[in-house]
Amino acid sequence: MSPIQSRATRVLLSTVSSDSHTWNLVFLQLLLEERGYEVSNLGPCVPDAEIIEAIRAQRPDAVVISSVNGHGHIDGRRLIRKLREDSDATLSAVPVMIGGKLGIQGADQPHLADELVAAGFDAVFTDGADPAEFGSELQRMTGHRPEIAGAAA
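Keep in mind that what you see is a predicted model, and the values were worked out from it rather than measured.

A.B. asks: Explanation requested: helix α6 (residues 131-142) in the structure shown.
C.D. replies: Since the α-helix advances by 3.6 residues per turn, residues separated by three or four positions end up pointing in the same direction. Helix length check: α6 (12 residues) gives 17 Å between terminal C-alpha atoms against 16 Å at 1.5 Å per residue, within 8%. On its buried side, α6 packs onto β1 (10-15), α1 (23-34), β3 (62-67), β4 (96-100) and β5 (123-126). The N-capping residue of α6, defined by a side-chain oxygen 2.9 Å from the backbone nitrogen of A132, is D130. The positive-phi residue at the C-terminal boundary of α6 is G143, with phi of around 70 degrees.

Here it is in structure tokens:
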């Protein structure tokens, strides 16, 4: 192993402010950690201001927002506008993705993904999206190379 070790790619994980679901966050955290990411899980029902402050304090390589309650398009759009309009380059430039049930009709509202990308999200995954696509997109956005068990250093 090299004497110079790079730090793990950091991901800030949260729900939108109105979403109280926790199992989706536990699943995502475990999925990300299995792939070698360092995850800071803010938990459910996180107000926009708290997410913004966590981004400023932690300086993550990416932000992942999960929605299960069907209000992701409303709360997510508000959050991403605040991030992209902020004068702090850390907020305005950090890669942010959102996924899950974005509207109350689930996958029957594909236009919501387009609206969220237009609002400033770097990637949007609708309910039922392939988890492999999520992983590939996060890897692309962060330049992260997953750890491979047993690989030589």
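A.B. asks: Explain the side chain of S67 to me, please; I cannot follow it from the model alone.
C.D. replies: In this fold, S67 is placed in strand β3. Look at S67 and you get buried, because its relative accessible area is 1%. Aside from chain neighbours lying at most four places away, what touches S67 is V16, D19, N24, G72, G99, G100 and K101.

A.B. asks: Got a minute to help me understand the pairing of β4 in this structure?
C.D. replies: The two faces of the sheet receive side chains in turn, since in a regular strand these alternate between them. When you tally the buried positions in β4, you get 4 out of 5 residues, the bulk of the element. The pairing of β3 with β4 spans 5 bridges and is parallel. What sits directly across from S67, in β4, is G100. Relative to β5, β4 runs parallel, the two being bridged by 4 bridges. Bridged to M97 within β5 is A123.

A.B. asks: Where do I start with the packing of aromatic side chains in this structure?
C.D. replies: Centre distance and the angle of the planes are the two values used to describe a pair of aromatic rings. Within the structure shown, the criterion is met by 1 aromatic pair. Judged by centre distance (6.0 Å) and plane angle (85 degrees), the ring pair of F125 and F134 falls under edge-to-face.

Reading the values: the criteria
Residues numbered from 1 in each chain as written. Predicted model: local features only at pLDDT ≥ 70, side-chain atom pairs only at ≥ 80, totals over all residues. Heavy atoms only, no water. Helix = DSSP H or I, 4+ residues; strand = E, 2+ residues; numbered from the N terminus. Expected span 1.5 Å × (residues − 1). Contact = heavy atoms within 4.5 Å. Polar contact = N/O pair within 3.5 Å; in protein donor to acceptor, adjacent residues only side chain to side chain. Buried < 20%, exposed > 50% of the residue type's maximum accessible area, 1.4 Å probe, protein only. Pairing = 2+ DSSP bridges. Phe/Tyr/Trp six-rings, centres within 6.5 Å; stacked < 30°, edge-to-face > 60°.

Everything listed here is a matter of geometry and, on its own, says nothing about what the molecule does.
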